[in-house]
Amino acid sequence: MHMSIRFFFFFQAEDGIRDAQESRGLGDVYKRQGINAEYGGLTAETMGDTTCPVFRPSMAEFSGGFEKYVHSIWAESMKHGICKVVPPHGWWPASERPYGTDLTGRSHQSACLNDMEVPHPIKQCVAGTCGKYEYTLVEDRAMTLSEFRDKADDYLTRNRGKLPEDSTPADGERAFWRQLGPTKEPSMYGADMQGTLFRGRCGGWNMQCLDTSLMLLAGPNDNGLPGVTDPYLYVGMWAAAFAAHTEDMNLNSINYLHFGAPKSWYAIAPHNATRLEALYGSVFGDAARECPEFMRHKRYLGVGGKGEGKGCLLYTSPSPRDS
């Protein structure tokens, strides 16, 4: 699970599906050395290319409820803009998951999801060069999850280059940035699909019923707000991305990768947000003049490394594949 505090950008490696609460985001990243922190009996770790804090709560800590646990890690997470929470083994029994123990989304255990509709898949067409990119989003026809998976496989075969089957998330990141530009074949992303794959209580972490103050917005008739109190599902393919963006209502987010290949996330710490917004405002000047809230459009992206000279401190975290 990922919780982002202020801004983030991510790209999807191959096909996957996630639940998400409303989120905020910006892109443009450079690598930092790992961070290790200890406080209040909790440990923030780093793993591989993950440069944000990683938390591994015990079952007792995890089952104490979402809001209580978030409060315990809030101070450290706020320094970085994003963190990873690896749930303890057994937090969500496989018998309660619609896809069982399948983390690929391809076995017979996931067959029940094949006919799930992806109602508004978006083709992501990229223009620009030299670290300045603009996405044009074109809606495609509705299709089933099975059809989307076939398209994702075909796209990967054509576009992933010579990366070996056992390539790492870092290899995928480099391939993504190398291919980005007007000659890149448009990838496809299924976004904002209302619903969830969570079943049961999940130790208090079922995104359909998280114990947060936002649940008060649902009211006595349980009239939820899509993407805020009611989660969205997302499905992507290799090189599909959310460009640098700021989300509605400036809310934080929680995201869970149900199955598929790992994803890479890029986030900026809250105290650097205004500087990065100013940087994007100068790089994408026409968009900024046309709409002061252009960062909410999910269309603009700067290549990693460009923020370093501006003093923007950014962190990245591949999604976990917990048991």
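Within every chain, residues take consecutive numbers counted from 1 along the sequence as written. Local features in a predicted model are, by the rule used here, given only for residues with pLDDT of at least 70; side-chain atom pairs are given and counted only at 80 or more, and totals for whole chains, interfaces and linings are based on all residues. Only hydrogens and water are set aside; all other atoms, that is, all heavy atoms of the structure, feed into the side-chain values.

S.K.: Sorry if this is basic, but what is going on with the packing of aromatic side chains here?
M.R.: Only centres within 6.5 Å qualify two rings of Phe, Tyr or Trp (six-membered ring in Trp) as a pair; their planes then separate them into stacked at under 30 degrees, edge-to-face at over 60, and tilted for everything else. This structure, assessed with the given rule, holds 20 aromatic pairs. Each residue in the set Phe62, Phe66, Tyr69, Trp91, Trp92, Tyr99, Phe198, Trp205, Tyr256 and Phe259 is aromatic and connected to the rest through ring pairs, giving one cluster.

S.K.: Help me understand the side chain of histidine 258 in this model?
M.R.: One can find histidine 258 in strand S15 (residues 253–260). Take histidine 258: its relative accessible area is 1%, and that puts it in the buried class. Side chain to side chain, histidine 258 and tyrosine 99 meet in a polar contact 2.7 Å long. Here a strand is any run of E in DSSP of at least two residues, a helix any run of H or I of at least four, and the numbering for each starts at the N terminus. Note on exposure labels: buried denotes an accessible area under 20% of the residue type's maximum, exposed denotes more than 50%, and partly exposed covers the range between, all computed with a 1.4 Å probe on protein chains only. Think of a polar contact as two N or O atoms within 3.5 Å of one another; within protein, one of them needs to be a possible hydrogen donor and the other a possible acceptor, and neighboring residues in sequence only count if both atoms come from side chains.

S.K.: How should unusual backbone geometry be read in this particular structure?
M.R.: In this structure, cysteine 202 takes a positive phi of about 55° despite not being glycine. If you trace the backbone, cysteine 202 turns up in the loop between strand S12 (187–194) and strand S13 (232–236). Residue class for cysteine 202 comes out buried when judged on its relative accessible area of 3%. Residue lysine 298 is not a glycine yet carries a positive backbone phi of 60°. Within the secondary structure layout, lysine 298 lies in the loop between helix H6 (285–290) and strand S17 (300–302).

S.K.: Sorry, what's going on with helix H4 (residues 169–179) here?
M.R.: Since the α-helix turns once every 3.6 residues, residues separated by three or four places project in the same direction. For H4, the set of buried residues is Ala170, Gly172, Glu173, Ala175, Phe176 and Trp177. Once H4 finishes, glycine 181 follows within two positions and takes phi at roughly 150°, a positive value.

S.K.: Would you take a moment to explain the pattern of salt bridges for this structure?
M.R.: Close approach of charged atoms allows side chains of opposite charge to pair. A pair is scored as a salt bridge if a Lys or Arg side-chain nitrogen falls within 4 Å of a carboxyl oxygen belonging to Asp or Glu. The full count for this structure, using the stated rule, is 8 salt bridges. In this structure, lysine 79 and glutamate 76 form a salt bridge, with 3.2 Å as the shortest nitrogen-oxygen distance. Where arginine 296 meets glutamate 293, a salt bridge forms, and the shortest distance between an N and an O atom there is 2.9 Å. On the basis of relative accessibility, which here comes to 25%, the residue arginine 296 falls in the partly exposed class.

S.K.: Which parts of the structure should I look at to understand helix H5 (residues 273–283)?
M.R.: Along H5, the positions that sit buried rather than exposed are Ala273, Leu276, Leu279 and Tyr280. Looking straight down H5, one finds its buried side chains confined to an arc of 125°; they lie on one side. Every exposed residue of H5 that faces more than 90 degrees away from the buried side is listed here: Thr274 and Ser282. Comment: arc refers to directions from the helix axis out to C-beta atoms.

S.K.: Honestly, the pairing of S12 in this entry has me stumped. Any pointers?
M.R.: Along any regular strand the residues' side chains alternate between the sheet's two faces. In terms of burial, S12 is largely enclosed, as 6 of its 8 residues are buried. As paired strands, strand S9 (residues 121–127) and S12 are joined by 4 bridges and run antiparallel to one another. Bridged to proline 121 within S12 is glycine 190. As paired strands, S12 and S13 are joined by 4 bridges and run antiparallel to one another. Following the sheet pairing, methionine 193 is matched in S13 by leucine 233. Note on pairing: two strands pair once DSSP finds at least 2 bridges between them.

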